[in-house]
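Spelled out, the chains give:
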Amino acid sequence: MTLAKRYILLVLGTLLLACSRGNKVPEIPVNDFFKSQDRATYRISPDGKSLSYLKLQDKKQNLFVEDIATGKVVQLTRLREKNISFYSWVSNNELIYYKEKHGDRFQSDLFIINKGGKDERQLSSNEKTRMRVLDDQLMDDKYLLILSNQRDSTVSDVYRLNVRDGKMEMAAQNPGNITKWITDSKGRLRMATSSDGVNEKLLYRENEGQEFKTILTNNFKTTLFPVAFAEEKPNTVYAISDVNRNNSALVELDCLTGKEKSVLFSNDTLNVVDAQYSKRKGKMAYVVCETWKKEKHYLDNDAKVLYQKLDKLLAKAEVRVIDRDKSEDVFVLRTFTDRNPGSYYLYIASNGTLKKLSDINSSIKEEEMCEMKPISFTSRDGLKLNGYLTLPLNSTAKNLPVVVVPHNGPGQRNTWGFNAEVQFFANRGYAVLQINYRGSSGYGKNFYAAGFKQWGGKIQDDIDDGVQWLVQKKIANPQRIGIYGSGFGGYIALNAAIKSPKLYKCAASNTGVLNLFSYLSTIPPFFRSNLQMYYEIIGNPDTDVDYMRQASPIFHAEKVNIPIFITQNTKDPRISASDAIRFVKELKKRNVPVTYFEREDLPFGMGREESRQKTYAALESFLENNLKKK
């Protein structure tokens, strides 16, 4: 062999080795997927001169303000024991914030502080009450409208809070059935919704000196969501509505008669899920529809021009406006894709400048993440179902181990975008299947209603049908399919182990519902007005006893014969730890392999990160043992 031939073979060998190494996907540390944001919740002052944000310090979030022109930063709070659960600008120079009580976002102390970090005052101390700001506009330089259940723990009244002396006076008393209060663009209380648990009424008044009058009544299955009052059209509100239609549209509603005046956007196949109103221009800017991705349909040319500029500046990423100043010149943007959790930017429209503020998770490298692709299939009873499939990087879609991830619910859905759990599973070599089963939102009210009282029934069938579809496509290895979920997703996962143990090799639940009776009994007092709605969606514990018992995993532990993973957050008031302990004991009696541990992380606190990372490390080991090892 000549020297030249030996050289060519050496080069080819080196290239082949490089290619093989290039195809090898690096295993990303579990902690990298689930890091908390260092900076988050950016807000712009009304005059567009100041930028505020929450910054993580020693596992606590503190409030900072930056002068946009000079870059000077002032730290407003120095919390060591509690977190800020909400904050907002109320004027060009002042902010209010909630300091949570013991990790409970519903019980908070309210403070006001100057943007220079001075004149901080506590406006309220709530030992047992729930308080939140209804409208963050400061009226007459001193009044805020807030909601509080201090008079009656089951309902929220509206109070006028004087931020100068902390005094509160009743602005509107809840008769017991008001579920939502709505203000106009000037902060005046003009509209409300009431509910008896099943039927909802829309109430209206022309001015604050009048009594509220009912103008429209709908069943809770019907969507009627006021977006904004029309500035130049008296007694008119823009609303997202599916009244007398299956898919939601954007309409003009006559507030005196309750009737539609006109339809601004409607489509037989598209569902309007959001809409943006321009206060400066006094008109609707665009609507947002969602199929497998969210897409804007413009109603105003200026809005179209703005987003076209942003799309050019931030190519290949989805762009969302998080906040804007009063003149709609200074914007906080958030970007993301299915492979990138995204970043925050400051954009000034008048001079076209774009400044990156921070990454949501700088540990994530887009080239190491996986595509989230839309899928659709037909259920056993002929219903079209949609979802997403994420394949491991550099893999062929054939004979793969699979993790099925049913979403939480009811009334939620999977959406396109970065999902840390999905990417974590895909990085470990699993195909990830997400299904928007019947009862999911975003596909019209008929599809939503099709999931009522089908927990453990047709909803479970939808999940199984998606798995069978994946097997028929030969994407899934039928001997290596697991299922994992949180909340109602965890409930579905455990029911899968009961109903279809031959289809799944293991099931994992993260704070999953085990007992529908217990779940309904823990609904907080301020949600009691919606109890009849929950009964219609999930089941009535008095009249649907047999169904609810059949649909609750707690009563069917004897049917489980596959490995189970359960983790419970003992601080979650909606989940009964005793149910989980009972379920685990029953499994252990029958020598069913079960992994169980309790967490004490608070559901809304930043201290949950360490516990969350431990959960996913344990879950990784569980899936490895049951789906990859033979």
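Quantities reported herein were computed from a predicted structural model and do not represent experimental measurements.

Engineer: I would appreciate a short explanation of the overall build of the protein chain in the present structure.
Structural biologist: Along its length, the protein chain carries 12 helices and 35 strands. Computed over C-alpha atoms, the radius of gyration of the protein chain comes to 26 Å, within 12% of the 25 Å expected from 2.2 N^0.38 for 630 residues, which places it in the range of a compact globule. Here the C-alpha coordinates of the protein chain stretch approximately 90 × 70 × 50 Å along the principal axes. Computed over 93 positive and 74 negative side-chain charges, the separation of the two mean positions in the protein chain equals 5 Å.

Engineer: Help me understand the pattern of salt bridges in this model?
Structural biologist: Pairing is possible between side chains of opposite charge, provided their charged atoms come close. Counted by the stated rule, this structure contains 28 salt bridges. A salt bridge links Glu252 to Lys233; the shortest N-O distance between them is 2.5 Å. With Glu252 in strand β19 (residues 249-254) and Lys233 in the loop between β17 (224-229) and β18 (236-241), this residue pair connects regions lying 19 residues apart in the sequence. The buried category is assigned to Glu252, whose relative accessible area is 7%.

Engineer: Teacher, can you tell me more about helix α6 (residues 458-472) here?
Structural biologist: For an α-helix, 3.6 residues make a turn, and residues three or four places apart therefore share a direction. Across its 15 residues, α6 extends 20 Å between first and last C-alpha, which sits within 8% of the 21 Å expected from 1.5 Å per residue. Here α6 lies mainly inside the structure; 11 of its 15 residues are buried. Within α6, the full set of buried residues consists of Ile459, Gln460, Asp461, Asp462, Ile463, Asp464, Asp465, Gly466, Val467, Trp469 and Leu470. Check the buried side of α6 and you find it contacts β28 (372-378), β29 (384-390), β30 (400-404), β31 (431-436), β32 (476-486) and α7 (488-499). Positive phi shows up at Lys474, right after α6, with a value of about 65°.

Engineer: Help me out: how do you make sense of the packing of aromatic side chains in this one?
Structural biologist: For any two aromatic rings, the description comes down to two numbers: the centre-to-centre distance and the angle of the planes. Under the counting rule described, the total for this entry stands at 33 aromatic pairs. Between Phe34 and Phe424, the aromatic rings sit 5.8 Å apart at their centres with planes inclined by 75°, giving edge-to-face as the arrangement. Highlighted residues: Phe34 in the loop between α2 (30-33) and β1 (39-44) and Phe424 in helix α4 (residues 420-427), separated in sequence by 390 residues. Taken as a pair, Phe34 and Phe424 share a single burial class, namely buried. Arg190 extends its terminal NZ or CZ atom over the ring of Phe229, reaching a point 4.9 Å from the ring centre. Its guanidinium or amino end placed over the ring of Trp416, Lys293 lies 4.1 Å from that ring's centre, counting from NZ or CZ.

Engineer: Honestly, the environment of Lys588 in this entry has me stumped. Any pointers?
Structural biologist: Looking at the element boundaries, Lys588 is found in helix α11 (residues 577-589). Residues Lys588 and Ala557 lie 31 residues apart in sequence; the distance between their C-alpha atoms is 9.9 Å.

Engineer: Even after reading the chapter, I still don't get the nonpolar core, so can you show me in this structure?
Structural biologist: Across soluble globular proteins, nonpolar side chains have a tendency to be buried as a group. By size, the foremost hydrophobic cluster in this structure holds 65 residues, and its most contacted members are Val404, Trp455, Ile483, Tyr504, Ile538, Ile564 and Phe583. For this core, the element with the most residues is α7, which contributes eight residues. Apart from residues lying up to four places away in sequence, Tyr504 is in contact with Val404, Ile463, Asp464, Val467, Ile481, Gly482, Ile483, Ala496 and Ile562. Of all hydrophobic cores here, the second largest spans 23 residues; its members include Ile364, Phe424, Val432 and Tyr616.

Engineer: Looking at this structure, I do not really get the sheet that holds β1. What am I missing?
Structural biologist: Pairing between the strands of a sheet comes from backbone hydrogen bonds, and it takes one of two forms, parallel or antiparallel. As summarised here, the arrangement of the four strands in space is β1-β2-β3-β4, forming an open sheet in which the pairing is antiparallel. In the strand order of this sheet, the two ends are held by β1 and β4 (73-75), each with one partner. For this sheet the average axis-to-axis angle between neighbouring strands, irrespective of direction, equals 25°. Pairing of strand β3 (residues 60-67) with β4, which is carried by three bridges, proceeds in the antiparallel orientation. Bridge pairing in β4 links Glu66 to Val73.

Engineer: What is the right way to look at the pairing of β18 in this model?
Structural biologist: Working note: regular strand, side chains alternate between the two faces of the sheet. Burial of β18 is extensive: six of the six residues sit out of reach of the surface. The two faces of β18 match: Thr236, Tyr238 and Ile240 on one face and Val237, Ala239 and Ser241 on the other face are all buried. One ladder, built from five bridges, connects β17 with β18; its direction is antiparallel. Note on β18: the bridge partner recorded for Ala228 is Tyr238.

Engineer: Would you mind going over the side chain of Ser379 with me for this structure?
Structural biologist: Mapping Ser379 onto the fold places it in the loop between β28 and β29. Side chain to side chain, Ser379 and Asp381 meet in a polar contact 2.4 Å long. Excluding anything up to four places from it in sequence, Ser379 contacts Leu385, Arg438, Asp462 and Asp465.

Engineer: What exactly am I supposed to notice about the side chain of Asn540 here?
Structural biologist: Along the chain, Asn540 falls in the loop between α9 (531-537) and α10 (545-551). With a relative accessible area of 14%, Asn540 lands in the buried category. Reaching out from Asn540, the side chain makes a polar contact with the backbone nitrogen of Asp542 at a distance of 2.8 Å.

Engineer: Help me out: how do you make sense of α7 in this one?
Structural biologist: For α7, spanning 12 residues, the distance from its first C-alpha to its last is 16 Å, which sits close to the expected 16 Å at 1.5 Å a residue. Burial analysis of α7 places 11 of its 12 residues in the buried class, the great majority of the element.

Engineer: Would you explain the sheet that holds strand β23 (residues 294-298) in this entry?
Structural biologist: Read across the open sheet, the three strands follow the order β21-β22-β23; overall the sheet is antiparallel. Two strands in the sheet have a free side with no partner beyond their single neighbour: β21 (272-278) and β23. Adjacent strand axes in the sheet meet at a mean angle of 25°, parallel and antiparallel pairs treated alike. Bridging between β21 and strand β22 (residues 283-290) involves six bridges; their strand directions are antiparallel. Bridging from a neighbouring strand, Gln276 pairs with Tyr286 of β22. Those strands touched by helix α3 (residues 301-313) are β22 and β23, and its axis lies near 140° from that of β23.

Engineer: Looking at this structure, I do not really get unusual backbone geometry. What am I missing?
Structural biologist: Peptide bonds are mostly trans, and most non-glycine residues show a negative phi. Residues other than glycine seldom take positive phi values, yet Lys316 does so here, at roughly 65°. Among the secondary structure elements, Lys316 is positioned in the loop between α3 and β24 (318-324). Taking relative accessible area as the criterion, Lys316 reaches 82% and is therefore assigned exposed. We note that Lys474 has phi near 65°; this positive angle belongs to a residue other than glycine. Looking at Lys474, the relative accessible area reads 59%, which means it is exposed.

Engineer: Explanation requested: the confidence of the model for the protein chain in the structure shown.
Structural biologist: Segments scoring low in pLDDT should not have their predicted coordinates read at a detailed level. Per-chain confidence: the protein chain averages 89 in pLDDT, with 91% of residues scoring 70 or above. Segment residues 1-22: pLDDT under 50, and three contacts once partners within four positions in sequence are set aside and those in other chains are kept.

Thresholds, definitions, all that
Residues numbered from 1 in each chain as written. Predicted model: local features only at pLDDT ≥ 70, side-chain atom pairs only at ≥ 80, totals over all residues. Heavy atoms only, no water. Helix = DSSP H or I, 4+ residues; strand = E, 2+ residues; numbered from the N terminus. Rg over C-alpha atoms; globule rule 2.2 N^0.38 Å. Lys, Arg positive; Asp, Glu negative; His and termini not counted. Charge placed at Lys NZ, Arg CZ, Asp CG, Glu CD. Salt bridge = Lys/Arg side-chain N within 4 Å of Asp/Glu carboxyl O. Buried < 20%, exposed > 50% of the residue type's maximum accessible area, 1.4 Å probe, protein only. Expected span 1.5 Å × (residues − 1). Contact = heavy atoms within 4.5 Å. Phe/Tyr/Trp six-rings, centres within 6.5 Å; stacked < 30°, edge-to-face > 60°. Lys NZ or Arg CZ within 6 Å of the ring centre and 35° of its normal. Core = buried A, V, L, I, M, F, W, Y, C linked by side-chain atoms within 4.5 Å. Pairing = 2+ DSSP bridges. Axes fitted to C-alpha atoms, helices over the stretch in contact; angles between N-to-C directions. Polar contact = N/O pair within 3.5 Å; in protein donor to acceptor, adjacent residues only side chain to side chain. pLDDT = per-residue confidence, 0-100.

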